Amino acid sequence: MSVSDPMIKDLKGSAVHFLGVLQPVTDDIEAVRTFCEALERILLHGLLVRINAFGYWRDPEPWHWLEKLSFKKFGAPYLYQLSVEKVRKCEKVRTNTGRTRLLIRYCLNNRCLHIPFQLLLETKQYKLVYGRESVLGSDILAQILMSVVLLPSRLQFKLDTDNSRFLDDAWLLPAVRRLTFVPADQLGISLTFVDGKAIAVEVLPDSVASEDEQIEVGDVLDELNSVVIIAGLQGCMGQVLRKSAGHPITAYVIKAKHKGTLYGPLVPLLRRAGLSTTQVLSGSITCISESKQAMTYMGRVLTADRGDVQEIKQAIRQLLGEHQETEQVLLDCHDMGVTVTRVDNSKVLMKHSYMQISSCGCTVQAPNYFAYIAEDRSISPDNRFVCYIFHTENQDLIDNTLTSIGQGFKRTHFAV
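Not measured: the values here are computed from a predicted model.

Undergrad: How should I be thinking about the pairing of strand β17 (residues 385–391) in this particular structure?
TA: The side chains of a regular strand alternate, residue by residue, between the two faces of the sheet. Where burial is concerned, most of β17 is hidden: seven out of the seven residues are buried. Burial along β17 is two-sided: Phe385, Cys387, Ile389 and His391 facing one way and Val386, Tyr388 and Phe390 facing the other are all buried. By the bridge criterion, seven bridges tie strand β16 (residues 366–375) to β17 in an arrangement that is antiparallel. Note on β17: the bridge partner recorded for Tyr372 is Tyr388.

Undergrad: Help me out: how do you make sense of the environment of Gly13 in this one?
TA: Among the secondary structure elements, Gly13 is positioned in helix α1 (residues 6–17). The partly exposed category is assigned to Gly13, whose relative accessible area is 45%. Separated by 228 residues in sequence, Gly13 and Leu241 have C-alpha atoms that sit 47 Å apart.

Undergrad: Honestly, the pattern of salt bridges in this entry has me stumped. Any pointers?
TA: Scanning the model with the defined rule gives 22 salt bridges in all. Ionic pairing is found between Glu67 and Arg88, a salt bridge with its closest N-O pair at 2.8 Å. You can see Glu67 sitting in helix α3 (residues 62–68) and its partner Arg88 sitting in helix α4 (residues 78–89), a full 21 residues away along the chain. In this structure Glu67 comes out as partly exposed when scored by relative accessible area, which is 21%. Exposure remark for Arg88: the relative accessible area of 33% places this residue in the partly exposed category. For Lys92, the salt bridge is made with Glu223, and the minimal N-O distance between the two is 2.7 Å. With Lys92 in the loop between α4 and α5 (96–109) and Glu223 in strand β6 (residues 220–224), the pair connects residues that are 131 residues apart, well separated along the chain. For the pair Lys92 and Glu223, one class covers both residues: buried. One network of salt bridges, in which partners are shared, links Glu67, Glu85, Arg88 and Lys89.

Undergrad: Just checking my understanding: could you explain α5 for this structure?
TA: Residues three or four positions apart in an α-helix share a direction because the helix packs 3.6 residues into each turn. For α5, built from 14 residues, the straight-helix expectation of 20 Å at 1.5 Å per residue is met to within 8% by its first-to-last C-alpha distance of 20 Å. The element α5 is extensively covered by neighbouring structure, given that 11 of its 14 residues are classed as buried. The complete set of buried residues in α5 reads Asn96, Gly98, Thr100, Arg101, Leu102, Leu103, Ile104, Arg105, Tyr106, Cys107 and Leu108. For α5, the elements touching its buried residues are α2 (30–44), α3, α4 and α8 (139–153).

Undergrad: Honestly, unusual backbone geometry in this entry has me stumped. Any pointers?
TA: When glycine is set aside, most residues are seen to have a negative phi, and most peptide bonds are trans. For the bond running from Gln23 to Pro24, omega is 5 degrees, close enough to zero to count as cis. Inspection of the secondary structure puts Pro24 in the loop between α1 and α2. You will see that Asp206, though not glycine, has its phi angle at about 65 degrees, which is positive. In this structure, Asp206 sits in the loop between β5 (197–203) and β6.

Undergrad: Just checking my understanding: could you explain the environment of Thr261 for this structure?
TA: Residue placement: Thr261 occurs in strand β10 (residues 261–262). For Thr261, a relative accessible area of 41% translates into the label partly exposed. If sequence neighbours within four positions are ignored, Thr261 has contacts with Ala256 and Leu281.

Undergrad: What should I look at first to understand the nonpolar core in this one?
TA: Generally speaking, nonpolar side chains in soluble globular proteins are found buried as a group. In terms of nonpolar packing, the biggest core is built from 58 residues, with Leu11, Phe35, Leu39, Trp65, Tyr80 and Phe117 touching the most fellow members. Every element with two or more residues in this core is listed here: α1, α2, α3, α4, α5, α6 (115–122), α7 (126–129) and α8. Tallying contributions element by element places α2 first for this core, with eight residues. Those residues within four positions of Trp65 in sequence are excluded, and the remaining contacts are Leu43, Leu47, Pro116, Phe117, Leu120, Val129, Tyr130 and Leu136. Grouped together as the second largest cluster of nonpolar side chains are 39 residues, Leu187, Ala198, Val201 and Ile254 included.

Undergrad: For this particular structure, what's the right way to read the pairing of β5?
TA: In terms of residue burial, β5 counts as a mostly covered element, since six of its seven residues are buried. Pairing of strand β4 (residues 189–194) with β5, which is carried by six bridges, proceeds in the antiparallel orientation. Residue Val194 lies in a different strand from β5, and its bridge partner there is Lys197. Hairpin connection from β4 to β5: two residues lie between these consecutive antiparallel strands, with Asp195 at a positive phi of about 55 degrees.

Undergrad: What am I meant to see in the packing of aromatic side chains here?
TA: Aromatic ring pairs: the centre-centre distance and the angle between the two ring planes describe each pair. According to the stated counting rule, one finds nine aromatic pairs in the structure shown. When the centroid spacing of 5.1 Å and the interplanar angle of 90 degrees are considered together, the rings of Phe18 and Phe157 count as edge-to-face. Of the two residues, Phe18 sits in the loop between α1 and α2 while Phe157 sits in the loop between α8 and β3 (176–181), which places them 139 residues apart along the sequence. By the burial criterion, Phe18 is buried, and Phe157 matches it. Between the aromatic rings of Trp65 and Phe117, the centroid separation amounts to 6.2 Å while the plane-to-plane angle is 70 degrees, which identifies the pairing as edge-to-face. Taken as a pair, Trp65 in helix α3 and Phe117 in helix α6 lie far apart in primary sequence, 52 residues in all. The same class applies to Trp65 as to Phe117, namely buried. In this arrangement the basic side chain of Lys197 is found over the ring face of Phe166, its NZ or CZ atom lying 5.2 Å from the centre.

Undergrad: Help me understand the confidence of the model for the protein in this model?
TA: Detailed reading of the predicted coordinates is not advisable wherever pLDDT falls low. Per-residue pLDDT for the protein averages 88, and the proportion of residues at 70 or more is 92%. Ranking the elements of the protein by mean pLDDT puts strand β18 (residues 413–415) last, at 55, and α5 first, at 98. Note that residues 286–291 has pLDDT below 50 and, in this model, 21 contacts with residues that lie over four places away or in other chains.

Cut-offs applied
Residues numbered from 1 in each chain as written. Predicted model: local features only at pLDDT ≥ 70, side-chain atom pairs only at ≥ 80, totals over all residues. Heavy atoms only, no water. Buried < 20%, exposed > 50% of the residue type's maximum accessible area, 1.4 Å probe, protein only. Helix = DSSP H or I, 4+ residues; strand = E, 2+ residues; numbered from the N terminus. Pairing = 2+ DSSP bridges. Salt bridge = Lys/Arg side-chain N within 4 Å of Asp/Glu carboxyl O. Expected span 1.5 Å × (residues − 1). Contact = heavy atoms within 4.5 Å. Core = buried A, V, L, I, M, F, W, Y, C linked by side-chain atoms within 4.5 Å. Phe/Tyr/Trp six-rings, centres within 6.5 Å; stacked < 30°, edge-to-face > 60°. Lys NZ or Arg CZ within 6 Å of the ring centre and 35° of its normal. pLDDT = per-residue confidence, 0-100.

What follows is the structure in structure tokens.
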């Protein structure tokens, strides 16, 4: 193999660029991303496939050896051990790819990027990790690489390691904002969790969050009062605010907009949240799954403690054998749940959040009828679930309504 490896050339080109910028080096410098991408290619190239303790092939990932070398028995310096520990505890990255990328950024900040490569060579561990055709599997190329990674270790970096939510997906970082709001009981936003990320689907007018468009629909609430927002906090967001009642509210927000367009890795999540990407970019928001349709409300059937979809068929059969007054209604699948209103006077007959709805569906025996079951103890204290039944001759309307309710299960919204 030639000693002038093209991957090392790319890495060196980005590293030399750091010498021409004012320190500290920040994420605003494009060379930071190109340097990290070049280093990642070197780390991935020539990794040997390993077999785990159970005898299965394990996908080769640099995180395994980068983490292993932080153990005290290898004599890793404190700053490198600290960098690895920070990554281990980070709840924002969930893959080994994301962890490797975040570790590179921590090592740049802590001036210890050369340490894992130095330990890899000193302990001869590279022979167990990389093939001979790789940069790190070659004695000569590994020494050249060491001289390159030593360069940024002599410079001061100030990278935003909190901006790590999308490192699992890409090196391109989104725009972020650190915000401080006056003390309040709530921010005035509705969130839906998609892939563990809390996406704002509604910002109430005149709310704290709406001031100067600091938080917009499509943005991701990454931290609230220094608490990292993860899927496990669904339904508990209010508690986060109450713990710091009377104090200013701080938020770390990932912006949906990025340099005049939408941030690429966020686009599929916005669609899954039911948001139009075109409207998010323009600021005119309508939920894709929002629907408001006229149909006949046939009545309700109590299903005791049973809320699964199998109860719908029996409930429709029971209702058809009874006489109940029907009403023309509009069924609106909105952001937070389902609202049923009368057509003649717009009176709200019922309103259920997606968290209350346990199932929805129709039956082959009565194809023009459909229903959803929701938890509602207001009708009878001894009865937990109620099946609400509707009728329409429009089969597309039935399909669309059931789809909208089904999507609501996956993107339940939480107010903050």
